[in-house]
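Secondary and tertiary structure notes
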Amino acid sequence: EPEVTQTPSHQVTQMGQEVILRCVPISNHLYFYWYRQILGQKVEFLVSFYNNEISEKSEIFDDQFSVERPDGSNFTLKIRSTKLEDSAMYFCASGTSGNYEQYFGPGTRLTVT
Amino acid sequence: ELKVEQNPLFLSMQEGKNYTIYCNYSTTSDRLYWYRQDPGKSLESLFVLLSNGAVKQEGRLMASLDTKARLSTLHITAAVHDLSATYFCAVDGGGSNYKLTFGKGTLLTVNP
């Protein structure tokens with residue numbers, strides 16, 4: 001069964017460093033999303049991406065964040081200058097408009113020290 | 001601002017018992033999602049409810065949607081230990097807006 005994959009599974013970085021989180025969505029999906037979950041809290045929407053552009057972003061998704069689909073398979077989230085409060089689990093999801101369901105990847109745990 | 005409220009946030013059950021988790025939302029979207037999350041794991045889609053009166057069942061779990069009341073329920077029948085997890089409901093923005101807004105989750109513990 002097709003699934004969303006994410007790499008790395010765990011990333012440790014120092015405050016102020018740039019990180020890139022990678023996702024490979026399900027191949028025939030057209031909608032892509034990033035969400036994050038701070039430990040013990042609810043899942044929060046960051047950004048949605050469709051037709052090679054951002055369709056919506058949350059207040060969390062400020063100028064330090066960017067997304068890219070550099071080729072036909074990868075979908076990346078970049079944080080330019082990480083802060084301690086960026087420590088969280090980051091989930092990539094993909095979906096189609098047909099059945100509305102979003103399929104989540106296994107997540108990348110980002111730890112900023 | 002869209003709000004999604006779940007209750008209870010913590011639920012400790014005995015095996016064999018029945019219980020219901022409630023999800024209230026403030027948006028006019030009629031699309032409601034239930035996910036399961038095991039500790040340290042990703043979100044597993046359980047149900048997608050797309051219309052008023054929708055009811056879906058999978059094993060010991062049954063979800064329903066009342067769009068007039070803006071309420072969804074997740075009913076657990078004869079709980080077993082394997083159902084222990086955190087359950088999240090979420091709604092999207094409606095129309096072509098598929099952004100999900102999640103509730104805080106219900107941590108379900110099923111005790112022998």
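What comes next concerns the included structure. (Residues numbered from 1 in each chain as written. Chains lettered and ligands numbered in written order. Predicted model: local features only at pLDDT ≥ 70, side-chain atom pairs only at ≥ 80, totals over all residues. Heavy atoms only, no water.)

Notes on the pairing of strand S7 (residues 61-66) of chain B
Residues and elements named next belong to chain B. The line we're drawing: Accessibility here uses a 1.4 Å probe with only protein chains present; expressed as a share of the type maximum, an area under 20% marks a residue as buried, one over 50% as exposed, and anything in between as partly exposed. Numbering of helices and strands runs from the N terminus, with a helix taken as a DSSP run of H or I at least four residues long and a strand as a DSSP run of E at least two residues long. By definition, two strands form a pair when at least two bridges between them are found by DSSP.
Because side chains alternate across S7, one face comprises the buried residues Leu61, Ala63 and Leu65, and the other comprises Met62, Ser64 and Asp66, none of which is buried. With 4 bridges connecting them, strand S6 (residues 55-58) and S7 associate as antiparallel partners. Bridge pairing in S7 places Gln57 opposite Met62. Linking S6 back to S7 in an antiparallel pair, the connection comprises 2 residues, with Gly59 at a positive phi of about 60°. With 6 bridges connecting them, S7 and strand S8 (residues 71-76) associate as antiparallel partners. The partner of Ser64 across the bridge, within S8, is Thr73. With antiparallel pairing between neighbouring strands as the criterion, S7 and S8 make up a hairpin whose turn holds 4 residues, including Arg70 at a positive phi of roughly 55°.

What about the environment of Arg31 of chain B?
Let me state the cut-off plainly: In what follows, residue pairs with any heavy atoms lying within 4.5 Å of each other are defined as contacts. Polar contacts, as used here, are pairs of N or O atoms within 3.5 Å; protein pairs need one atom able to donate a hydrogen and one able to accept it. Residues neighboring in sequence count only if both atoms are side-chain atoms.
Tracing the backbone shows Arg31 of chain B in the loop between strand S3 (19-25) and strand S4 (32-37). Spatially, the C-alpha atoms of Arg31 of chain B and Val91 of chain B are 5.9 Å apart, while their sequence positions differ by 60 residues. Beyond its immediate sequence surroundings of up to four residues, Arg31 of chain B is in contact with Tyr100 of chain A together with Leu49, Leu50, Ala90, Val91, Asp92, Gly94, Gly95, Asn97 and Tyr98 of chain B. A polar side-chain atom of Arg31 of chain B sits 2.6 Å from the main-chain carbonyl oxygen of Gly95 of chain B.

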